[in-house]
Amino acid sequence: MSVFLGLPGASPVPSVPSVPDRLSVLYRGPLASCNYDCPYCPFAKRVDPPPLLREDRAALGRFVDWVVETTDVRLSILFTPWGEGLIRSWYREAIVRLSHQDHVDRVSIQTNLAARVDWMADAAPTAALWATYHPGQVTLERFLARCRRLDEIGRRYSVGVVGLPGHHEAALELRAALEPSVYLWVNAAEGHTYSPEEEARWTALDPRFGDSVRPHVSFGQPCHAGESAVSVIGDGTVRRCHFIDTPLGNLYDGSWRQALRPRPCTNRICDCHIGYVHLKPLGLYDVYGPGVLERILA
Ligand code: SF4
Ligand code: SF4
């Protein structure tokens, strides 16, 4: 925020813009391939050609180096790849490395949990996973085996499902099999309208389902995105969030530092958890506390 200092009558001198003490960064590189084939996803079974994978790896490496070197702000990182990142070694290595940085409070990734999770034992407890169970792509037993391994090695994770009618039975089984302390979240399915009975059914599984079931009218509302949370893509372009295209600057030339300030949302609605969780009037930072990025309730 720009403030003016000086004696009465003297010309105002703009202060040097300051970065916040803490910054959440959502990173998404070019990778868009996935090993699963979910019928509700545009990235299902997509294959990235080798040059794109090399580009993704190089971009992630550059981002990780930036995080390691940017020690004047406490950082929390969430990787939000279009496709599946953890089947690629460079995402696993990035999480392990970043988890051991003193100025990194949290590092997490959205994942389908298809890959083995033993490598998480090499990460510090600041690493956590945002896992989604996709019935039809993996058996419950196999998915639960990954969860149990994370329990054994003591690493935190949330588990979620897309709230399609055909997923309800599987979600009940999942809930019954997970450790009671593991938060099971439910995302409202895109394009699906929920009757009050359906909403109640899903809310019985996830008490926060109401946050997801209706889009939030966000225009003009204050949002942490662009002030203490940003989104970054592979070339370093910084935006306030994944849902507003206007760039704020670039991570690698330092221009992001001048751009951070409180500002209202310019979109009509915000309907994705990784966006509306930052919408100030919802108060969701208090609901999730330090688990806000990996979607683990406080
Ligand atoms: S696991 Fe995720 S990225 Fe992969 S196809 Fe399913 S929804 Fe899409
Ligand atoms: S409310 Fe959503 S769309 Fe608006 S600035 Fe915040 S994250 Fe972005």
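The name given to the protein in an unreviewed UniProt entry is Radical SAM protein, with the source organism recorded as Kineosporia corallincola.

S.K.: Give me the site of ligand 2: which residues, what numbers.
M.R.: Taken together, the neighbourhood of ligand 2 is formed by 14 residues, with Cys223, Cys241, Cys265, Cys270 and Gly275 sitting nearest. Partitioned by chemical class, the residues of the shell around ligand 2 number 9 nonpolar, 4 polar and 1 charged.

S.K.: Break down helix 1 (residues 50-69) for me, with residues and values.
M.R.: Across its 20 residues, helix 1 extends 29 Å between first and last C-alpha, which sits within 8% of the 28 Å expected from 1.5 Å per residue. Asp56, Ala59, Leu60, Phe63, Val64 and Val67 are the residues of helix 1 that are buried. Here the buried residues of helix 1 occupy an arc of 140° about the axis, which is enough to place them on one side. Within helix 1, the exposed residues directed more than 90 degrees away from the buried face are Pro50, Pro51, Arg54, Asp65 and Glu69. The secondary structure elements touched by the buried residues of helix 1 are strand 3 (22-28), strand 4 (74-79), helix 2 (89-99), strand 5 (104-111) and strand 11 (229-233).

S.K.: Please provide a residue-by-residue account of the pairing of strand 7 (residues 156-162), values included.
M.R.: The buried fraction of strand 7 amounts to 7 of the 7 residues, a majority that puts the element mostly inside the structure. Side chains Arg156, Ser158, Gly160 and Val162 project from strand 7 onto one buried face, and the interleaved Tyr157, Val159 and Val161 project onto a second face that is buried too. Of the pairings in the sheet, the one linking strand 6 (residues 127-132) to strand 7 comprises 5 bridges and is parallel in character. Following the sheet pairing, Leu129 is matched in strand 7 by Tyr157. As judged from the 4 bridges shared by strand 7 and strand 8 (residues 184-187), these two strands associate in the parallel manner. The residue of strand 8 that forms the bridge with Val161 is Val186.

S.K.: I'd like to hear about the site of ligand 1, residue by residue, with values.
M.R.: The local shell around ligand 1 consists of Cys34, Tyr36, Cys38, Cys41, Phe43, Ala44, Gly83, Glu84, Asn112 and His134. Of the residues assigned to the shell around ligand 1, the class counts are 6 nonpolar, 3 polar and 1 charged.

S.K.: Account for the nonpolar core, with residues named and values stated.
M.R.: If you look at soluble globular proteins, the nonpolar side chains tend to sit buried side by side. Formed by 66 residues in total, the largest nonpolar core has its most connected members in Ile77, Ile95 and Leu98. Once you skip the residues sitting within four places of it in the chain, Ile77 turns out to touch Val25, Tyr27, Val67, Leu98, Val104, Arg106 and Val107.

S.K.: Lay out the environment of Pro180 with the relevant residues and their values.
M.R.: Tracing the chain through its elements places Pro180 in the loop between helix 4 (168-177) and strand 8. Pro180 gets classed as exposed once you count the C-beta atoms within 10 Å, which come to 6. As for Pro180 and Tyr276, which are separated by 96 residues in sequence, their C-alpha atoms are 26 Å apart.

S.K.: Just give me the short version of the sheet that holds strand 6, but keep the residues and values in it.
M.R.: Taken together, the 9 strands give an open sheet; going across it, the order is 8-7-6-5-4-3-11-12-13, and neighbouring strands pair in mixed fashion. Edge positions in the open sheet fall to strand 8 and strand 13 (247-250), since each of these has one partner strand only. In this sheet, neighbouring strand axes are inclined to one another by 25° on average, regardless of whether the strands run parallel or antiparallel. Sheet topology note: the strand 5/strand 6 ladder contains 5 bridges and is parallel. Looking across to strand 6, one finds that Val107 is bridged to Ala127.

Definitions and cut-offs
- Residues numbered from 1 in each chain as written.
- Chains lettered and ligands numbered in written order.
- Predicted model: local features only at pLDDT ≥ 70, side-chain atom pairs only at ≥ 80, totals over all residues.
- Near = placed C-beta within 6 Å.
- Nonpolar A, V, L, I, M, F, W, Y, C, P; charged D, E, K, R; others polar.
- Helix = DSSP H or I, 4+ residues; strand = E, 2+ residues; numbered from the N terminus.
- Expected span 1.5 Å × (residues − 1).
- Buried ≥ 20, exposed ≤ 12 C-beta atoms within 10 Å, placed from the backbone.
- Arc of directions from axis to C-beta.
- Contact = placed C-beta atoms within 7 Å.
- Pairing = 2+ DSSP bridges.
- Core = buried A, V, L, I, M, F, W, Y, C linked by C-beta atoms within 7 Å.
- Axes fitted to C-alpha atoms, helices over the stretch in contact; angles between N-to-C directions.

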